[in-house]
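Residues per chain are reported as follows:
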Amino acid sequence: MSVRVQSEAFDTGAELNSFAQDRTDIGAVVSFTGVVRDTKGDLQEMLIEHYPGMTESAITKIAREAMQRWALADVLVIHRYGPLKPGEPIMMVATASAHRAAAFEAADFLMDYLKSRAPFWKKEVTHEGGSWVDAKDADEDALKRW
Amino acid sequence: MSVRVQSEAFDTGAELNSFAQDRTDIGAVVSFTGVVRDTKGDLQEMLIEHYPGMTESAITKIAREAMQRWALADVLVIHRYGPLKPGEPIMMVATASAHRAAAFEAADFLMDYLKSRAPFWKKEVTHEGGSWVDAKDADEDALKRW
Amino acid sequence: MNVVYFAWVRERIGLPQETVDTDAATVNDLIAELSAREERYAAAFADVSALRVALDQELSDFDAPLAGVREVAFFPPMTGG
Amino acid sequence: MNVVYFAWVRERIGLPQETVDTDAATVNDLIAELSAREERYAAAFADVSALRVALDQELSDFDAPLAGVREVAFFPPMTGG
């Protein structure tokens, strides 16, 4: 299990390739990458604020729960903070398992929990100024699935 | 939309990085990689047989259906055939969407359909000989989810 | 008509494909005709519930008509992914 | 007690953290005390349903006791991922 919270960019493909590498006991790897989306074509940057210390412990707790609920060989979570450009990866999760259902469900679970339980806040900055992204009711509701 | 059926190995990370690259209208990328699993530690190779022609058209049909059912920016499917070693990627799918739910569901759907509707057959080769992998009832049942 | 076989169906019958001269009206008729021909066909087609059929590269049913079909494929349930 | 603020709560109050001398028994008591202090606090805490609180870096409730707590954090619902 690996959890990283960092301001530096990361290489999604390289991370995926080194995740669960050289293991012959897994049959399924699922990855999710969250990307800075420029909804209206006016985004200058996305600022991600976080709560140092709590971020790592909250993500670690969520990742441990996933490892307990599903038969996972490994879990990876990387989440950036600081200023990001449109199109840049914000974060990724990866799960490895013998079978595809566990890998899919665990990745979906991790995303739902990271979205609403890991202390990150997004601010969209345009020429007009900055505006904090509102949490969606749908994201809170998604937690009830698990 | 890109569908490739090939005997050559592919680089999962490089494929993921070039998929939906430089797009700023997507927020979510999900990938699934199927890996040759050596369940009992005695696997020499996995032989994948396919039905040339039908394979491409069956996968294309499934990928088109995913594009119609979910708001996807792009879909990638790569599937190998021929002899593969334990730990090697057999296939991958990737989906890109504005939001995570569509990307997750579409990738899950693609895998369920590829598993049971794309004409590939796996044979496990050990020192004891070769044995065709049986289709699982669970895989056929999984199609009812969609 | 071109008849192709995959996986253990191919192994049991002993060839990947063959041209069959037939007046069989449906897939089931073709199976009966081939099974009557030689033991290896009868063995391969013994349990049709363990088989799948494709007509001109589209999954089909065993009672489907063969009129106009150029290629029939027999194989076990798929195990891709 | 260390009190920390994030996102628009931090911006509205105008500082990322401060040390507060308080005898507040619960989070709600602390909020009442801070809100009484200055308008910017009252503005930040006006709608508690739009806020979340963490005690010593664990998500908590507004009626939770503050006894033994070293760090209280106020912030809007998280928007990570």
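Criteria and thresholds
- Residues numbered from 1 in each chain as written.
- Chains lettered and ligands numbered in written order.
- Predicted model: local features only at pLDDT ≥ 70, side-chain atom pairs only at ≥ 80, totals over all residues.
- Heavy atoms only, no water.
- pLDDT = per-residue confidence, 0-100.
- Axes fitted to C-alpha atoms, helices over the stretch in contact; angles between N-to-C directions.
- Helix = DSSP H or I, 4+ residues; strand = E, 2+ residues; numbered from the N terminus.
- Parallel < 35°, antiparallel > 145°, perpendicular 65-115°, else oblique.
- Left-handed = near helix turned anticlockwise from the far one by under 90°.
- Contact = heavy atoms within 4.5 Å.
- Nonpolar A, V, L, I, M, F, W, Y, C, P; charged D, E, K, R; others polar.
- Buried area = accessible area lost by both parts, 1.4 Å probe.
- Salt bridge = Lys/Arg side-chain N within 4 Å of Asp/Glu carboxyl O.
- Polar contact = N/O pair within 3.5 Å; in protein donor to acceptor, adjacent residues only side chain to side chain.
- Patch = residues over 30% accessible without salt bridge, like charges linked within 9 Å, V, L, I, M, F, W, Y side chains within 5 Å.
- Areas by Shrake-Rupley, 256 points an atom, 1.4 Å probe, with all protein chains shown as cover.
- Lys, Arg positive; Asp, Glu negative; His and termini not counted.
- Charge placed at Lys NZ, Arg CZ, Asp CG, Glu CD.
- Buried < 20%, exposed > 50% of the residue type's maximum accessible area, 1.4 Å probe, protein only.
- Pairing = 2+ DSSP bridges.

Time to look at the confidence of the model for chain C. Of the residues in chain C, 100% reach a pLDDT of 70 or more, and the chain-wide mean stands at 97. Among the prediction metrics, the complex's ipTM stands at 0.95, with pTM recorded as 0.96.

Let's shift gears to the packing of helix H2 (residues 54–69) of chain A against helix H3 (residues 100–117) of chain A. All names here are of chain A. The interhelical angle for the contact between H2 and H3, taken along N-to-C directions, is 155 degrees, at an axis separation of 10 Å. With respect to their mutual orientation, H2 and H3 come out roughly antiparallel. Crossing handedness for the pair H2 and H3: right-handed. Two secondary-structure elements touch here, H2 through Ala-58, Ile-59, Ile-62, Ala-63, Glu-65, Ala-66 and Arg-69 and H3 through Phe-109, Leu-110, Tyr-113, Leu-114 and Arg-117. Taken together, the residues that form the contact of H2 with H3 break down as 9 nonpolar, no polar and 3 charged.

Moving on to the interface of chain B and chain A. Between chain B and chain A, the residue contacts involve 36 residues of the former and 36 residues of the latter. Summing both sides of the interface, chain B and chain A together bury roughly 2700 Å²; the carbon and sulfur share of this comes to 53%. Ranking the residues of chain B by area buried against chain A places Arg-37, Arg-100 and Phe-104 of chain B at the top, with a combined share of 27%. Between chain B and chain A we count 4 salt bridges in total. Between the two partners, chain B and chain A, sit 15 residue pairs in polar contact (both at pLDDT 80 or more). Going through the elements one at a time, helix H1 (12–18), strand E2 (28–35), helix H3 (100–117) and helix H4 (137–142) of chain B are the ones with two or more residues in the side of chain B that touches chain A.

Further remarks concern a negative patch on the surface. Residues and elements named next belong to chain C. A surface patch of negative charge is lined by Asp-21, Asp-23, Asp-29 and Glu-33. In this structure, Asp-29 sits in helix H2 (residues 27–37). Relative accessible area serves as the criterion here: at 36%, Asp-29 is assigned to the partly exposed category.

Let's shift gears to the sheet that holds strand E5 (residues 71–75) of chain D. All names here are of chain D. Here 5 strands make up an open sheet; going across it, the order is E2-E1-E5-E3-E4 and the pairing mixed. If you trace the sheet from one side to the other, it starts and ends with strand E2 (17–19) and strand E4 (58–60), each paired once. Neighbouring strand axes in the sheet, compared pairwise and without regard to direction, differ in orientation by 25 degrees on average. Sheet contacts for helix H2 (residues 27–37): strand E1 (2–5), E2, strand E3 (52–55) and E5; angle to E5, the most-contacted strand, approximately 70 degrees.

It is worth spelling out the pattern of salt bridges at this point. Per the stated rule, a full pass over the model turns up 34 salt bridges over all chains. Put simply, Asp-25 of chain B and Arg-23 of chain B hold a salt bridge, and the shortest N to O gap is 2.8 Å. Asp-25 of chain B gets classed as partly exposed once you look at its relative accessible area, which sits at 39%. Here Arg-23 of chain B falls in the partly exposed class, since its relative accessible area comes to 29%. A cluster of three or more residues bridged by salt bridges with shared partners is formed by Arg-100 of chain A together with Asp-108, Asp-112, Asp-139 and Arg-145 of chain B.

Attention now moves to the sheet that holds strand E7 (residues 120–126) of chain B. Residue and element names in this part refer to chain B. The 4 strands are arranged E5-E3-E7-E8 in an open sheet whose pairing can be described as antiparallel. Pairing within the sheet leaves two strands with one partner each, and these edge strands are strand E5 (82–84) and strand E8 (129–132). Pairwise comparison of adjacent strand axes, ignoring direction, gives a mean angle of 25 degrees for this sheet. Relative to E7, strand E3 (residues 45–50) runs antiparallel, the two sharing 6 bridges. Residue pairing in the sheet places Ile-48 in a bridge with Lys-122 of E7.

For the rest of this paragraph, the subject is the interface of chain C and chain B. At the interface, 20 residues of chain C touch 26 residues of chain B. Both sides of the chain C and chain B interface together cover about 1900 Å² of buried area, and 56% of this is carbon and sulfur. Counting the surface chain C buries against chain B, the share from its top three residues, Met-78, Thr-79 and Gly-81 of chain C, is 39%. Between chain C and chain B we count 3 salt bridges in total. The salt bridge partner of Arg-10 of chain C is Glu-49 of chain B, with a shortest N-O separation of 2.5 Å. Applying the counting criterion to the chain C and chain B interface returns 14 residue pairs in polar contact (both at pLDDT 80 or more). Going through the elements one at a time, strand E1 (2–5), helix H1 (7–13), strand E4 (58–60) and strand E5 (71–75) of chain C are the ones with two or more residues in the side of chain C that touches chain B. No other element matches H1 of chain C, which puts 4 residues into the side of chain C that touches chain B. Split into classes, the residues belonging to the side of chain C that touches chain B amount to 12 nonpolar, 4 polar and 4 charged.

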